Every structure is written in structure tokens, then in C-alpha cells.
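The residues making up each chain are set out below.
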Amino acid sequence: QVQLVESGGGLVQVGGSLRLSCAASGLPFSMGWFRQAPGKEREFVAAISRSGGSTDYTDSVKGRFTISRDNTANTVYLQMNSLKPEDTAVYYCAARQDLALGTSPLNYDYWGQGTQVTVSS
């Protein structure tokens, strides 16, 4: 059983930065970040392979967000720069027992509780 605990969310002004962390117990393979705004479906943000050598991003965050992982600490990070109001959402960490990257919530087996990110204008 894999448990995921996110941290690092908060309130930030437009153009600011935040770094989310996801501490994982167990040894998941690929991991990802998703977000869900009020009234919207959960959407893919970024994913990273077990080794960290492969990553994927949704188009709207490319060049602004960076996903990384520290396997010695069993932690995945999402560095978010140049934040926009449309980035406001609850951000979820997810893990899957598979080597391939996944971009759909259906690809993932385990979820964290979520952390709120609010970008004010």
C-alpha cells in the first residue's frame, strides 16, 4: 500500500512561485500531479518516471512548471513559477505501479489528499 502526503500549497500573487512536495511511502513507479478547480474535472499537470529521466507536462504549464523526484527521500516535487489565476486549484499527487507515464487519472492507483493553490490577481 502506498501513502502520499502533499505539502507546499498556499496563496500567492500572480507571477509568483510555489513548490509542492509529495512524500510517498512504499515504492511507486511513475508519479504525477493533477489539479482540480471548482466545478471542473481533475486534469493532468505533470508526470515523471521512476528514474526521473522521463517527464511529461500538459501544454498550459510547459516552461513554467517543473516536476522532479528524489528517490532517496521518496519525494516528488512540482516547482511552479510564473503562476496565473487559472492555476488556482487543489493539486493532487498520484502514483502508479507501472513504469510508463500516465496522463489520465484512471492510470493511477494511489492518491494524496490534495493541497490548495490559490493565485490572486
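Nothing here was measured: the structure is a model prediction, and the numbers come from that model. (Residues numbered from 1 in each chain as written. Predicted model: local features only at pLDDT ≥ 70, side-chain atom pairs only at ≥ 80, totals over all residues. Heavy atoms only, no water.)

### Observations regarding the environment of N74
1) Next: Tracing the sequence through the fold places N74 in the loop between β7 (65–70) and β8 (75–80).
2) Next: Along the chain, N74 and G10 lie 64 residues apart, while their C-alpha atoms are 22 Å from each other. (Helix = DSSP H or I, 4+ residues; strand = E, 2+ residues; numbered from the N terminus.)

### A few points about empty space enclosed by the protein
If a probe the size of a water molecule is rolled over the atoms, the empty space left behind becomes visible.
1) Next: Scanning all chains against the criterion turns up one cavity of 30 Å³ or more.
2) Next: Reported here for the largest cavity is a volume of approximately 60 Å³.
3) Next: In terms of lining residues, the largest cavity is bounded by ten residues, among which P28, M31, R69, N71 and N74 are the most central.
4) Next: A class-by-class count of the residues in the lining of the largest cavity yields four nonpolar, four polar and two charged. (1 Å grid on protein atoms, 1.4 Å probe; cavity = no way out; pocket = protein on both sides within 12 Å on 5 of 7 lines; lining within 4 Å. Points joined across faces, edges and corners; volume = space filled by probe spheres on them. Nonpolar A, V, L, I, M, F, W, Y, C, P; charged D, E, K, R; others polar.)

### Topic: unusual backbone geometry
1) Next: With a phi close to 50°, N74 is a non-glycine residue in the positive phi region.
2) Next: Backbone geometry places S82, a non-glycine residue, at a positive phi of 50°.
3) Next: Under the relative-accessibility criterion, S82 is labelled partly exposed at 41%. (Buried < 20%, exposed > 50% of the residue type's maximum accessible area, 1.4 Å probe, protein only.)

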